[in-house]
Amino acid sequence: MSIGLGILLVAIGAVLTYALNVTVDWIDLDLVGYILMIAGAIVIILGLIFMMRRRRSISTTSSTADPAVGQRVTRTEDQAAPPEV
């Protein structure tokens, strides 16, 4: 969702900056467009970073000796990172 929001902000900012030739006395639409494009790029980058963090998994391997039999026992657990709400 954050990547889509970032793309939307970049698109609106590009329209305000490059497509509109409207002059308003109380606001500079080119500056607003640049600000929206920068904010959109930041949102996209943060969305990608958070997406990569969610995909990490935890792997645990432990080796012990079974005292009853005297054999080595290896246990491996793979678990995904907990889902973020």
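Conventions we followed
Residues numbered from 1 in each chain as written. Predicted model: local features only at pLDDT ≥ 70, side-chain atom pairs only at ≥ 80, totals over all residues. Heavy atoms only, no water. Helix = DSSP H or I, 4+ residues; strand = E, 2+ residues; numbered from the N terminus. Buried < 20%, exposed > 50% of the residue type's maximum accessible area, 1.4 Å probe, protein only. Contact = heavy atoms within 4.5 Å. Expected span 1.5 Å × (residues − 1). Arc of directions from axis to C-beta.

### As for the overall build of the protein chain
Logical step 1: Within the protein chain, the secondary structure is distributed over two helices and two strands.
Logical step 2: The N-to-C order of helical and strand elements in the protein chain reads α-α-β-β.
Logical step 3: Looking at the protein chain residue by residue over its 85 residues, the buried ones come to 13%.
Logical step 4: Sequence separation of at least 24 residues holds for 40% of the intrachain contacts in the protein chain that already meet a minimum separation of 6.

### Topic: the environment of alanine 41
Logical step 1: By the element assignment, alanine 41 lies in helix α2 (residues 29-54).
Logical step 2: Given a relative accessible area of 35%, alanine 41 falls into the partly exposed group.
Logical step 3: Measuring from C-alpha to C-alpha, the distance between alanine 41 and isoleucine 3 comes to 9.1 Å, with 38 residues separating the pair along the chain.

### Overview of helix α1 (residues 2-19)
Logical step 1: Over its 18 residues, α1 extends 25 Å from the first C-alpha to the last, a length consistent with the 26 Å expected when each residue adds 1.5 Å.
Logical step 2: Those residues of α1 that sit buried are Gly6, Leu9, Gly13, Leu16 and Thr17. Each buried residue of α1 lies within a common arc of 95 degrees when the element is viewed along its axis, so the set occupies one face. Exposed residues pointing more than 90 degrees away from the buried face of α1 are listed as Ile7, Tyr18 and Ala19.

Function-wise, these values are silent; they only describe arrangement.
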